[in-house]
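Observations on the three-dimensional arrangement
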Amino acid sequence: TTSDANAPLLRAKQGFLDLLVDRTHDVSAFTRARVLQTWSTMAEKKAIPLSHWLVVADLGIGRLGDKAALVRKAAMNLLA
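What comes next is a walk through the structure.

What counts and what doesn't
Residues numbered from 1 in each chain as written. Predicted model: local features only at pLDDT ≥ 70, side-chain atom pairs only at ≥ 80, totals over all residues. Heavy atoms only, no water. Core = buried A, V, L, I, M, F, W, Y, C linked by side-chain atoms within 4.5 Å. Buried < 20%, exposed > 50% of the residue type's maximum accessible area, 1.4 Å probe, protein only. Helix = DSSP H or I, 4+ residues; strand = E, 2+ residues; numbered from the N terminus. Contact = heavy atoms within 4.5 Å. Expected span 1.5 Å × (residues − 1). Arc of directions from axis to C-beta. Salt bridge = Lys/Arg side-chain N within 4 Å of Asp/Glu carboxyl O.

The next subject is the nonpolar core. Counting 17 residues, the largest nonpolar core has L36, W39, M42 and I48 as its most contacted members. Secondary structure elements with two or more residues in this core: α1 (2-23), α2 (29-44), α3 (50-63) and α4 (69-79). Take this core: its biggest share by element is six residues, from α2. In this structure, L36 is in contact with T24, R63, V71, A74, A75 and L78, ignoring residues within four places of it in sequence.

Structure below.
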């Protein structure tokens, strides 16, 4: 059936979203900033599932207090 055929695709998509969430806590400020930029791009293209909107907003708010200016700027762009 089509739901069986889509199951691997949905698992891969969920894995990708989980990876992005994990990377927002990376040691590298550049990685944290790029992940926030990726979330911003996905938001502009309406590619973030509704179930993740609150998670993404919380991540952006949490990164506003980051020690790196690059990350804080990316967080502002995500939330703007």
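Moving on, we get to α3. Between the first and last C-alpha of α3 there are 21 Å, a value that for 14 residues agrees with the 20 Å anticipated at 1.5 Å per step. Along α3, the residues that are buried comprise H52, V56, L59, G60 and R63. Summarising the axial view, the buried residues of α3 lie within an arc of 95°, below the 170-degree limit, and thus occupy one face. Structural note: α3 exposes L50, L54 and I61 on the side pointing more than 90 degrees away from its buried face.

Tracing the chain through its elements places R63 in helix α3. Residues within four places of R63 in sequence aside, it is in contact with T24, H25, R32, L36, V71, R72 and A75.

Here we come to the pattern of salt bridges. On inspection of all chains with the given rule, the structure shows two salt bridges. Measuring nitrogen to oxygen at the nearest pair gives 2.9 Å for the salt bridge that ties R32 to D66. Of the two residues, R32 sits in helix α2 while D66 sits in the loop between α3 and α4, which places them 34 residues apart along the sequence. Judged by its relative accessible area of 4%, R32 falls in the buried class. Overall, D66 belongs to the buried group, its relative accessible area being 7%.

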